[in-house]
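# Descriptive structure summary
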Amino acid sequence: MAVSCALTSDYSFGCDVGTGGTKEVYLIEFNNIESYTESSGNLTAITKVSGKVFRKYQLVRETANFNEDIVGNIQNGTIFYDQKGTIIINKQNIAVRNEIILLSRNFLVAVIHDQNDTYRLFGRVNGLRLESGSAATGTAWGDRNGYTLNFTGKEPELAPFVDSSVISTLQT
């Protein structure tokens, strides 16, 4: 891919104030994506294998986080983006246990819906893996009984944004 290195825009503070947090995440097996249509870092279409859908995970407020670390090495002339995400699922049960096992056996693609009502796609080129996590009963009555799932991936570019018009097609 030919990449121009010329800078293209200025940045100045606007009126907007952002809010942290992740509302929900949509997950699908990496191999079930056929193609993406992109325009300047914004995905306007995601084509899935026929019959395949993204699975929607609703998240408890203020429990999930997705981030990207920019990792460069000047001496080697390299740069990549280290993607990480953590989601919490409350209350252990058989159905969730079985789904976690399936998540751990796949490379995944994730569409993240944040508190600012923006969507971004993680794992586009190389996929994400469920790399670690825990299932805990808690100790005290007020402790969480549930799962913590940690996803990681390495990508050649920052996660693209996903046009909101695409979201209605994820589960069809």
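Everything here concerns the structure above.
Residues numbered from 1 in each chain as written. Predicted model: local features only at pLDDT ≥ 70, side-chain atom pairs only at ≥ 80, totals over all residues. Heavy atoms only, no water.

## So, the overall build of the protein
For the protein, the count of helices and strands is 2 helices and 11 strands. When its helices and strands are written in sequence order, the protein yields β-β-β-β-β-β-α-β-β-β-β-β-α. For the protein, the spread of C-alpha atoms along the principal axes amounts to about 55 × 40 × 40 Å. Among the 172 residues that make up the protein, the fraction classed as buried is 33%. In the protein, once contacts between residues fewer than 6 apart in sequence are set aside, the share between residues at least 24 apart is 68%. As displayed, the protein has an accessible area near 11100 Å², and 50% of this comes from carbon and sulfur atoms. In the protein, 15 positive and 18 negative side-chain charges are present, and the distance between their average locations comes to 10 Å. (Helix = DSSP H or I, 4+ residues; strand = E, 2+ residues; numbered from the N terminus. Buried < 20%, exposed > 50% of the residue type's maximum accessible area, 1.4 Å probe, protein only. Contact = heavy atoms within 4.5 Å. Areas by Shrake-Rupley, 256 points an atom, 1.4 Å probe, with all protein chains shown as cover. Lys, Arg positive; Asp, Glu negative; His and termini not counted. Charge placed at Lys NZ, Arg CZ, Asp CG, Glu CD.)

## Describing a nonpolar patch on the surface
Taken together, Ile70, Ile79 and Leu158 make up a surface patch of nonpolar side chains, about 290 Å² in accessible area. By secondary structure assignment, the location of Leu158 is in the loop between strand S10 (146-155) and strand S11 (161-162). (Patch = residues over 30% accessible without salt bridge, like charges linked within 9 Å, V, L, I, M, F, W, Y side chains within 5 Å. Salt bridge = Lys/Arg side-chain N within 4 Å of Asp/Glu carboxyl O.)

## Considering the packing of aromatic side chains
Going through the model one piece at a time under the given rule, you end up with 1 aromatic pair. Residue placement shows Arg120 over the ring face of Phe161; its charged tip is 5.7 Å from the ring centre. Sitting over the ring of Phe107, Arg129 keeps its end group 4.5 Å from the ring centre. (Phe/Tyr/Trp six-rings, centres within 6.5 Å; stacked < 30°, edge-to-face > 60°. Lys NZ or Arg CZ within 6 Å of the ring centre and 35° of its normal.)

## Some details on the environment of Thr172
Examined against the element boundaries, Thr172 turns out to sit in the segment after helix H2 (164-167). Take Thr172: its relative accessible area is 65%, and that puts it in the exposed class. In this structure the C-alpha to C-alpha distance between Thr172 and Lys48, which are 124 residues apart in sequence, comes to 9.6 Å. The contacts of Thr172, once residues within four sequence positions are left out, are Lys48, Lys52 and Val53. A polar contact of 3.2 Å, which involves the side chain of Thr172, links it to the backbone oxygen of Thr169. (Polar contact = N/O pair within 3.5 Å; in protein donor to acceptor, adjacent residues only side chain to side chain.)

## Looking at the side chain of Glu155
Following the sequence through the fold, Glu155 ends up in strand S10. Nearest to the buried, unbridged Glu155 among oppositely charged side chains is Arg124, at 6.9 Å. One polar contact links the side chain of Glu155 to the main-chain amide nitrogen of Asn126, over a distance of 2.9 Å. Discounting residues that sit within four places of it in the chain, Glu155 has contacts with Phe80, Tyr81, Gln83, Gly123, Arg124, Val125, Asn126 and Gly127.

## Some words on the sheet that holds strand S6 (residues 78-90)
Strand pairing in a sheet relies on backbone hydrogen bonds. The paired strands run either parallel or antiparallel. If you walk across this open sheet you meet the 4 strands as S5-S6-S10-S9, and the pairing is antiparallel. For this open sheet the edge positions go to strand S5 (65-73) and strand S9 (129-136), each flanked by a neighbour on one side alone. Averaged over all adjacent pairs, the angle separating strand axes in this sheet is 15°, with direction ignored. Together, S6, S9 and S10 form the strand contacts of helix H1 (residues 94-104), whose direction differs from that of S10 by roughly 15°. (Pairing = 2+ DSSP bridges. Axes fitted to C-alpha atoms, helices over the stretch in contact; angles between N-to-C directions.)

## Details of the pairing of S5
Remark: a regular strand shows side chains that alternate across the two faces of the sheet. Looking at chain direction, S5 and S6 are connected through 9 bridges and run antiparallel. Paired with Phe66 across the strands is Gly85, a residue of S6. Between S5 and S6, which pair antiparallel one after the other, the connecting turn spans 4 residues, and Gly77 there sits at a positive phi close to 65°.

## Points about the pairing of strand S8 (residues 119-122)
Across 4 bridges, strand S7 (residues 108-114) lies against S8 in antiparallel orientation. From the neighbouring strand, Val111 faces S8, where its bridge partner is Leu121.

## What to know about the side chain of Thr22
Positionally, Thr22 belongs in strand S1 (residues 22-29). A relative accessible area of 5% means that Thr22 is categorised as buried.

So, to be careful, I would describe these as geometric facts and stop short of saying anything about function.
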